[in-house]
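# Chain and residue survey
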Amino acid sequence: MTKGIYGLMAEFDNPTALVNAARAAREKGFRKLDAYTPFPIEELSEALHLHKNRLPLIVLFFGICGGTLGYLLQYFVTVWYFPINIAGRPLHSWPSYIVITFEVTILFAAISTVLGLFALCGLPMPYHPAFNVPRFALASRNRFFLCIESTDPLFDHDRTVEFLESLEPREVSEVAH
Amino acid sequence: MADVTERPPSRDKIIAPGYTFGTVTDQISTVVLTKKTPLFWFAGITVGLSLLFLLLWACALLFTKGVGIWGIMIPVGWGFAITNFVWWIGIGHAGTLISAILLLLNQAWRNSINRFAEAMTLFAVACAGMFPILHLGRPWLAYWLFPYPNTMGVQPNFRSPLVWDVFAVSTYATVSALFWYVGLMPDLATLRDRTTSRFAKFAYGILAMGWRGSARHWSVYETASLLLAGLATPLVLSVHTVVSFDFTIAIVPGWHSTFFPPYFVAGAIYSGFAMVLVLAIPLRAAYGLQGLITDKHLDNAAKVMLATGLIVAYAYILETFTAWYSGNVYEGAAIWNRMTGPYAVSYWALITCNIVAPQLLWFKKIRGNPVTLFLSSIVVLIGMWLERYVIIVSSLAQDFVPAAWGNFHATRWDWATYVGTIGLFIFLFFLFIRLLPMISIFEVRTLLPEAKVEEEVRG
């Protein structure tokens, strides 16, 4: 067991090889896995069982909050704080509130989408061990990486290297902390 | 890479053959990362900057002397400022349409034009947003538009469409900026990883926020893009609807009609696609991007323009028909005055630009030739500006009692402010193409044949 490293990374040059490697690693029992790709690959999320996330719920929650706040703001102002008779309309003239209620709903939902994305991804992240691999810069160009992290219960340096080599990658490298 | 651009793709392809992940990345990122700035870029930004100084001059004069330097005078209180506001914000709508609505509709061709179209939206909204504020008379008190606790004890009137507009436009600007930034993150990471300059690495690194293309992140990212697209779609339709409410909820003849919302939204997309073409055609020629922004893209955009142009034509016909059919003497007179009154030249020019000239786009020869397509787009932009001008000015100039009528004459400062915002737009756009990737790199990668995961290997 090597405790000193973050994990082991295998480099592939096409998405099919990476998806197959990710499936093989899941089948082998590895769970602390991550893959790094230059664009989103649906099959990869499937292979790594990543399809569910809580973002829609976050957005729904904040959207409802935004709508409620938007309506209450207008209700508070026009009925209670600054009641003013305009053309004999009732103080609580709800049809006029629809537009702003809608806009504030969208505003809150959109901001929570972006902040939720950052929160669920742990961004901004100034440092990550993956960048210690010199060739990792290609993960944002044309290479596909699979990383088995050393915190995985099945992780054993030599056997993991052997397993990754069996997937026929271009290269296997250690990821320093 | 040279062989890629030499072989133009067939008309139905959205990306030229021969591209790989590497060449796509290099071609788009080199535009930003190169140390050699092309000469035309300097020429373009000089034009933009000069006109921007004209804008600053016009605004400085406006702040010292007031809105009297413009031609607005009761009864025509809205003049150029509101015309330009509606024109610019309409142009912005095509960017959101391309980035959000076409994403939901799974139109892959949007992938190579969405980035600069979104930038166009952002800059157009910036130009648009300035006009109502400049038009306030006391622009330094613009924050009074928002409800906030204040010592005067007054609050905005939430029953007024003008207040709705404040919320709609500021929400639109915010959401467009967020959407644009989220789309940029993976490409900023690419620039960070590819640049050799320490400063650029630091700057793009900060902006990319540590994006590393992790599969876990991508899966959340895809959800976020879909959600943002789903939120931006009703938003963009609502923004121009609310803009049209500024008119329809007033009782001025020529404004007070229920078909304004769909008519305005169609007009917005019409002018927006014209602007997309005006930007895309010179850009792809200047940077040799014909392999990524192909003839198919131009063809599709031209078709959208033609379709929305027909909706706008229908709206003009319906407007005239309703004015007659309603039997309302003021409505009838408003349309008749438009056609024959002091603004008749503008009216017939707009009909020519918006309805007659775009019919040429039915011909494949005209649609398929970048030069003629560019010229038709310019014509549409002029036509759409005239449309807003005629709606606003002619309706206000001759409303009910002829004794209260009065004409609007634009002054040189009206023109300086308008042309100045075009300068601001050009300036921002040229900065954008030099500092950020103008085509979404990661989304173009997904279009390549090699991006397909071959499922039969699944075994």
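Cut-offs and rules
Residues numbered from 1 in each chain as written. Chains lettered and ligands numbered in written order. Predicted model: local features only at pLDDT ≥ 70, side-chain atom pairs only at ≥ 80, totals over all residues. Helix = DSSP H or I, 4+ residues; strand = E, 2+ residues; numbered from the N terminus. Rg over C-alpha atoms; globule rule 2.2 N^0.38 Å. Buried ≥ 20, exposed ≤ 12 C-beta atoms within 10 Å, placed from the backbone. Contact = placed C-beta atoms within 7 Å. Nonpolar A, V, L, I, M, F, W, Y, C, P; charged D, E, K, R; others polar. Domains from an automatic or database assignment. Pairing = 2+ DSSP bridges. Axes fitted to C-alpha atoms, helices over the stretch in contact; angles between N-to-C directions. Parallel < 35°, antiparallel > 145°, perpendicular 65-115°, else oblique. Left-handed = near helix turned anticlockwise from the far one by under 90°. Expected span 1.5 Å × (residues − 1). Bend = angle between axes of the 7 residues up to and from the residue.

## Description of the overall build of chain A
Of the regular secondary structure elements, chain A holds five helices and four strands. Beginning at the N terminus, the succession of helices and strands in chain A can be written as β-α-β-α-α-α-β-α-β. A compact globule built from 177 residues would reach a C-alpha radius of gyration of about 16 Å, whereas chain A, at 25 Å, exceeds it by more than 25%. Overall, the C-alpha framework of chain A stretches about 80 × 30 × 30 Å when taken along its three principal axes. Residue burial in chain A is summarised as follows: out of 177 residues, 41% are buried. Counting only contacts in chain A whose residues sit at least 6 apart along the sequence, the fraction spanning at least 24 positions is 80%.

## Here's the deal with the overall build of chain B
Along the backbone of chain B there are 16 helices and zero strands. Radius of gyration (C-alpha) of chain B: 23 Å, near the 23 Å computed for a compact globule of 459 residues. Taking all 459 residues of chain B together, 51% fall into the buried category. Summarising the internal contacts of chain B: among those between residues at least 6 apart in sequence, 81% fall at separations of at least 24.

## Details of unusual backbone geometry
The omega angle of the peptide bond from L123(A) to P124(A) is -5°, so this bond is cis rather than trans. Along the polypeptide, P124(A) turns up in the loop between α4 (98–121) and β3 (144–149). Of note, the bond from I74(B) into P75(B) is cis; its omega dihedral lies within 30 degrees of zero at 10°. Its location among the elements puts P75(B) in the loop between α3 (39–65) and α4 (79–104). Positive phi, close to 55°, is recorded for A87(A), a residue that is not glycine.

## Examining the interface of chain A and chain B
Of the residues lining the interface, 60 residues belong to chain A; the matching set on chain B comes to 52 residues. Contributing elements (two or more residues each) for the side of chain A that touches chain B: α1 (15–28), β2 (33–36), α2 (42–47), α3 (55–81) and α4 of chain A. Tallying contributions element by element places α4(A) first for the side of chain A that touches chain B, with 15 residues. Taken together, the residues of the side of chain A that touches chain B sort by class into 40 nonpolar, 15 polar and five charged.

## Regarding the domain arrangement of chain A
Domain boundaries assigned for chain A yield domain 1 (5–52 + 142–176) and domain 2 (55–121). A straight line from the C-alpha centre of domain 1 of chain A to that of domain 2 of chain A covers 45 Å.

## Quick look at the sheet that holds strand β1 (residues 5–12) of chain A
Residues and elements named next belong to chain A. Spatially, the four strands line up as an open sheet ordered β2-β3-β1-β4, and their pairing is antiparallel. Since the sheet does not close on itself, it has two edges, and those belong to β2 and β4 (171–176), each with one partner. On average, adjacent strands in this sheet sit at an angle of 25° to one another, irrespective of strand direction. Note: β1 against β3, six bridges, orientation antiparallel. Within β3, the residue paired with F12 across the bridge is F144. Where α1 meets the sheet, its contacts fall on β1, β2 and β3, and the angle it forms with β3 comes to roughly 15°. Helix α5 (residues 157–166) rests against β1, β3 and β4 of the sheet, and its axis sits at about 15° to β1.

## Topic: the packing of α4(B) against helix α15 (residues 412–435) of chain B
All names here are of chain B. Packing of α4 against α15 brings their axes to within 10 Å, and their N-to-C directions diverge by 15°. When the interaxial angle is binned, α4 and α15 end up roughly parallel. Pair α4 / α15 crosses with right-handed handedness. In contact with G79, F80, N84 and W88 of α4, α15 contributes D414, T417, Y418 and T421. By residue class, the composition of the contact of α4 with α15 is three nonpolar, four polar and one charged.

## Brief notes about α4(A)
Residue and element names in this part refer to chain A. Taking 1.5 Å per residue as the helical rise, α4 with its 24 residues ought to reach 34 Å, and the 34 Å between its terminal C-alpha atoms agrees with that figure. Of all 24 residues in α4, 17 are buried; the element is thus mostly enclosed. Looking one or two residues beyond α4, the residue adopting positive phi is G122, at roughly 70°.

## Re the environment of A21(A)
Residue and element names in this part refer to chain A. Tracing the backbone through its elements, the reader meets A21 in helix α1. Here A21 falls in the buried class, since 25 other C-beta atoms lie within 10 Å of it. Sequence spacing of A21 and E168 is 147 residues, and the spatial spacing of their C-alpha atoms is 8.9 Å. In this structure, A21 is in contact with A10, F12, L146 and L167, ignoring residues within four places of it in sequence.

## Thoughts on helix α6 (residues 161–194) of chain B
Residues and elements named next belong to chain B. The terminal C-alpha atoms of α6, which comprises 34 residues, lie 49 Å apart, in line with the 50 Å expected from a rise of 1.5 Å per residue. Approximately 40° is the largest bend angle found in α6, and it occurs at M185, with the proline P186 only one to four residues beyond. Burial runs high along α6: 26 of the 34 residues are buried.

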